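Survey of secondary and tertiary structure
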Amino acid sequence: MGKTLRCCWKEGWWGRMEEGKKYFGQGRPAGFAPPPQKKKKKKNQNKKKPWSAHPAPMEYISTRGGTGAVDFEGALFSGYAPDGGLFMPSCIPSLDRPTLQQWSHLSYPELVKEICFLFVKPELIPRGTLSGESQVAAACRDAYLIDRAFSKFRHKDVVHLSRLKDGLNVLELWHGVTYAFKDLSLSCTGQFLQYFLEKKQKHINVLVGTSGDTGSSAIESVRGQKNVDIFVLLPKGLCTQIQELQMTTVIEDNVHVFVVQGNSDEIDEPIKELFADVDFARRNNLMSLNSVNWSRIMVQIAHYFYAYFRCTPTLDSTTLPVVEIVVPTGGGGNVTAGCIAQKMGLPIQLVAAVNSNDIIHRTVKDGDFSLSGRVKATLASAMDIQEPYNVERILWLLSGSDSHLTKTLMEQFTVSKSLKLPEGLHRKVSETLRSCSASDEDIVQAMQRCWEENHYLLCPHSAVAAHYHYSHLDSCASSTPRCCLAPASAAKFQDAVLRAGLVPETPPEITALTAMETRSTVLQRGEDWARVIRDRVTAVEQWWGKRGAALTSPGLQGVSGQA
């Protein structure tokens, strides 16, 4: 791979629509001249309308450069690349100012559609036309995939910005079924999967390791689907009771939950082992719905555009204003999406806010991407991660898509669990990201202050971002607007709310979990976890192959009981 990150917009493509070869809207990549025009522009050609031009066909390549390019469907169904890397777009579209101005009027679902249209070629998911809908709404599989993905969200806007005292803007990303931000990307990913699987009458086996919210969101995105079986590994005692119940109370034949005697990083090891066995992965149609999956990163890019447009005072100034976006960070998938939005031309300053498991903070601050002992259990449990695999994507992106360097660095980290970034790469990382680390005491204080000043309950992960905001109120003289992403509802973290001396607010859907039947398989420390999962996957795939897609999968249920 070349070492320069290039935009794939090609002359003659940037503004063309398929129908009539007419230019659609004013947007074009910054720095690219339009193709020559033979006819005079019509008077109404400069009317503002959302930009939905499609670039040259989008391909995805491994961050380690050891495998061929794939299209969106290939990246969606792959998880890890065969060479152990992660899939990234071969090019990043660049948006100009008129496009940003047009997009600023779009709703969150419309922004998701626009972004999907940029990264998914129409030959894979046709745009079509809906009766009474705009071209924007028709951008992604007649738009119904995205609309259906968000149909169960509780808020009419899907996401909501709460403007609180002292400039604390909280973007609530948790209005989905499981009260977590991962519902946003996984609900869309589930729709993409079902679209392709129904077309090809194919069955897949999804492997997911979760530190809290990913598992329940992934389960909700595919539960009951005849073409998908999902295998979720969760660390026993390291999720909240509500998070665990949201997984173990799903009694569906295609859902297989494993409660593992290990931490969040340890449960990733058997998943990596199974994906590294290329023959097994191919034979059993393995894929992942962790944030290794590009589809999740793609949808999350919309968070940053929506946050920017809601927090910026105006887009009419000579220079577009900057908005600081604070991202509670665990595995690094969400902040990776922010880095891509930044590369696309969105004027944002990113802050990676972590808990006491501070490897990303040390990477940004000192270039030290190294483990520091065991994973620490914190109030922000979904961020209790010491090996944030999406840092690989960030390093690749900021190194100018240098796959050789990325491979060398990640292989060194795999062996030694210790890595010092090259000086030039560390400089680029620290220019792109700011960072902070919050202790449990910091989290509790942020939750208390937010309640005292606003009567607003933060979850402990959101409180990590709020801690950064509060700690910079006095020291920062800048008038730059700031938005804190809120990845989960406080309702899921009642122990943390009680520790802060506050009163939990429990929705009836969550209260009902405690009386429901549970089902899971326990994996003890010392067992060969990879072998157990391998045997279960093999049994399911063999059964499905014999019986066909029209029937449900076998009830290999594990341990049942009451919560």
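Just so it is clear, the model here is predicted, and its values are computed rather than measured.

Leftover empty space is mapped by rolling, across the atoms, a probe with the size of a water molecule. Counted according to the given criterion, the structure contains five cavities of 30 Å³ or more. Of the volumes computed, that of the largest cavity is approximately 370 Å³. Along the walls of the largest cavity sit 31 residues, with Lys182, Gly330, Gly331, Ala382 and Ile385 positioned nearest its centre. The set of elements that each furnish at least two residues to the lining of the largest cavity consists of α6 (213–222), α10 (294–311), β9 (323–328) and α11 (333–343). The element that contributes the greatest number of residues to the lining of the largest cavity is α11, accounting for three residues.

Our next topic: the pattern of salt bridges. A full pass over the atoms with the stated rule returns 20 salt bridges. Residue Lys200 pairs with Glu73 through a salt bridge whose shortest N-O separation is 2.6 Å. A residue pair is termed long-range when its members are at least 10 positions apart, and Lys200 in helix α5 (residues 182–200) and Glu73 in helix α1 (residues 72–76) qualify at 127 residues. Residue classification places Glu73 among the buried positions, given a relative accessible area of 13%. Between Arg362 and Asp368 there is a salt bridge, with its nearest N and O atoms 3.1 Å apart. By relative accessible area, which is 14% here, Arg362 ends up buried. Residue class for Asp368 comes out partly exposed when judged on its relative accessible area of 25%.

To continue, consider α11. The element α11 is largely enclosed, with a buried count of nine among its eleven residues. Looking at α11, one finds that the buried residues are Gly333, Asn334, Val335, Thr336, Ala337, Gly338, Cys339, Ile340 and Ala341. In the stretch just after α11, Gly345 is the one whose phi turns positive, near 110 degrees.

This part covers the environment of Gln246. Here Gln246 is to be found in helix α7 (residues 241–248). When the C-alpha atoms of Gln246 and Thr178 are compared, they prove to be 7.4 Å apart, with 68 residues separating the residues in sequence. Ignoring sequence-local partners within four residues, the contact set of Gln246 consists of Thr178, Ser216, Lys492 and Leu513. Of note is the side chain of Gln246, whose polar atom sits 3.4 Å from the backbone oxygen of Thr178.

So, about the sheet that holds strand β10 (residues 348–354). Strand order in this open sheet of six strands is β3-β4-β12-β9-β10-β11, and the pairing throughout is mixed. On the outer flanks of this sheet lie β3 (160–163) and β11 (433–437), each paired with one strand and no other. Across the sheet, the axes of successive neighbouring strands diverge by a mean angle of 25 degrees, strand direction being ignored. With six bridges joining them, β9 and β10 adopt parallel strand pairing. When the sheet's bridge partners are listed, Glu324 is paired in β10 with Gln349.

Burial along strand β4 (residues 169–172) is two-sided: the face carrying Asn169 and Leu171 and the face carrying Val170 and Glu172 are both buried. Of the pairings in the sheet, the one linking β3 to β4 comprises four bridges and is antiparallel in character. The partner of His160 across the bridge, within β4, is Glu172. The antiparallel hairpin formed by β3 and β4 contains five residues in its connecting segment, where Asp166 sits at a positive phi of about 60 degrees. Sheet topology places β4 next to strand β12 (residues 482–486); four bridges connect them, and they run parallel. Paired with Asn169 across the two strands is Cys483, which belongs to β12.

In terms of nonpolar packing, the biggest core is built from 112 residues, with Phe72, Phe119, Trp294 and Phe305 touching the most fellow members. Take this core: its biggest share by element is 13 residues, from α10. Each residue touching Trp294, except ones within four places of it in the same chain, is listed here: Tyr60, Phe72, Ala75, Phe87, Met88, Pro89, Phe119, Ile301, Ile340 and Arg393. Ile443, Met447, Tyr456 and Tyr468 belong to the second largest nonpolar core, which has 36 residues in total.

Conventions adopted
Residues numbered from 1 in each chain as written. Predicted model: local features only at pLDDT ≥ 70, side-chain atom pairs only at ≥ 80, totals over all residues. Heavy atoms only, no water. 1 Å grid on protein atoms, 1.4 Å probe; cavity = no way out; pocket = protein on both sides within 12 Å on 5 of 7 lines; lining within 4 Å. Points joined across faces, edges and corners; volume = space filled by probe spheres on them. Helix = DSSP H or I, 4+ residues; strand = E, 2+ residues; numbered from the N terminus. Salt bridge = Lys/Arg side-chain N within 4 Å of Asp/Glu carboxyl O. Buried < 20%, exposed > 50% of the residue type's maximum accessible area, 1.4 Å probe, protein only. Contact = heavy atoms within 4.5 Å. Polar contact = N/O pair within 3.5 Å; in protein donor to acceptor, adjacent residues only side chain to side chain. Pairing = 2+ DSSP bridges. Axes fitted to C-alpha atoms, helices over the stretch in contact; angles between N-to-C directions. Core = buried A, V, L, I, M, F, W, Y, C linked by side-chain atoms within 4.5 Å.

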